[in-house]
Amino acid sequence: MTFTGHVFLGLSVDGFIARPDDDLGWLESRGAEAGDAGFTPFVASVDALLMGRGTYRVIAPSDGWPYQGRPVHVLSSTLAADADPRVTVHRTLDDAVAALEAAGYGRVYLDGGRLVRSMLARGRVQTLTLSRVPVLIGEGHTLFGPLPGDVDLEHVETTVLGGGMVQTTYRVREQGPATGDYDGHGRLPHRWHRTRRLLRARGPAGRRAHRPGAGAQ
Ligand SMILES: NC(=O)c1ccc[n+]([C@@H]2O[C@H](COP(=O)([O-])OP(=O)(O)OC[C@H]3O[C@@H](n4cnc5c(N)ncnc54)[C@H](OP(=O)(O)O)[C@@H]3O)[C@@H](O)[C@H]2O)c1
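Residue positions are given per chain, counting from 1 as you read along its sequence in written order. The predicted nature of this model means local features are confined to residues of pLDDT at least 70 and side-chain atom pairs, given and counted, to a pLDDT of 80 or more, with totals for whole chains, interfaces and linings taken over all residues.

**Describing the sheet that holds strand β3 (residues 48-52)**
Here comes step 1: Here eight strands make up an open sheet; going across it, the order is β5-β4-β3-β6-β1-β7-β10-β9 and the pairing mixed. The strands lining the two open edges of the sheet, one partner per strand, are β5 (87-90) and β9 (153-160). Neighbouring strand axes in the sheet, compared pairwise and without regard to direction, differ in orientation by 20° on average.
Here comes step 2: As paired strands, β9 and strand β10 (residues 166-172) are joined by seven bridges and run antiparallel to one another. Looking at β10, one finds that E154 is bridged to R171.
Here comes step 3: Throughout, a pair of residues is in contact if the C-beta atoms placed from their backbones lie within 7 Å. For helices, the fitted axis covers only the stretch in contact; all axes are lines through C-alpha atoms, and the angles between them, taken along N-to-C directions, range from 0 to 180 degrees. Numbering of helices and strands runs from the N terminus, with a helix taken as a DSSP run of H or I at least four residues long and a strand as a DSSP run of E at least two residues long. Helix α4 (residues 93-103) rests against β3, β4 (72-75), β5 and β6 (107-111) of the sheet, and its axis sits at about 160° to β4. DSSP-based pairing: two strands are paired if at least 2 bridges between them are found.

**Some words on the pairing of β10**
Here comes step 1: Where strand β7 (residues 127-133) and β10 come together, six bridges link them in antiparallel fashion. If you follow L130 over to β10, its bridge partner there is T168.

**Topic: helix α5 (residues 113-121)**
Here comes step 1: Here α5 lies mainly inside the structure; nine of its nine residues are buried.
Here comes step 2: Taken from the residues just after α5, G123 is the one with a positive phi, measuring 70°. The exposure label follows from counting other C-beta atoms within 10 Å of a residue's C-beta, where the C-beta atoms are placed from the backbone and the thresholds are 20 or more for buried and 12 or fewer for exposed, leaving partly exposed in between.

**Considerations on the nonpolar core**
Here comes step 1: Joined through C-beta atoms within 7 Å, a set of buried Ala, Val, Leu, Ile, Met, Phe, Trp, Tyr and Cys residues constitutes a nonpolar core. In this structure, L49, L50, L100, V108 and L110 are the most contacted members of the largest nonpolar core, which totals 30 residues.
Here comes step 2: The element that contributes the greatest number of residues to this core is α5, accounting for five residues.
Here comes step 3: Residues contacting L49, with those up to four places away along its chain left out, are Y67, R70, V72, H73, V108, Y109 and D111.
Here comes step 4: In terms of nonpolar packing, the next biggest core, distinct from the first, is built from five residues, L27, A34, V133 and M165 among them.

The following block contains the structure:
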């Protein structure tokens, strides 16, 4: 079975998901007026979670474990496999994806900036719900960064919640050839740089011809 990936993130207006030191006070204080912001029904709608170790590191010691009994998978090359009985640790993204497929999950909640970026690059995200709180924090952990190609989004809905939180859900349109491996860390695989150089050299006509089905035009 092939699972679909779903993202639910709170951001500053300048696109950060946490301060450099992991502080989330700027989000929690302003998000409080938005109440649950749909988080509880969102978690209820998934079969399991996959999060990056950076996200696990912050949520693990906190009082709440808000995942309603859903299995939680963590991607980490450094976390001990038996560090926490609440989670299953995977060493590589390939291993994690294979385990989620093997488990037969239908919908998986993807969490963490680098983790989500990597899954976007692989074309494994179906929906993104992004809730922006009205503040600029200037720097921090981000969801955004280099991708092997554009990710086309379809707007599903936008709601203005309490405290001026603007929550928008996008559905990822089916992606063409510009998906691939990406370590979510600012490095594109070598073959993508080569493909980009080739397309640039060919010019607009070459780029059109590279799209699937474009040959008939
Ligand atoms: N605002 C929100 O809604 C929200 C939501 C989630 C998280 N956050 C915050 O965001 C911060 C964490 O985000 P982040 O982007 O820094 O980290 P992240 O994606 O949660 O985790 C990064 C770590 O996960 C592993 N990893 C992730 N993707 C990988 C890949 N493609 N290949 C190999 N390993 C991979 C690596 O662990 P190893 O180094 O162990 O190999 C990496 O250091 C925390 O402060 C958290 O509280 C905020």
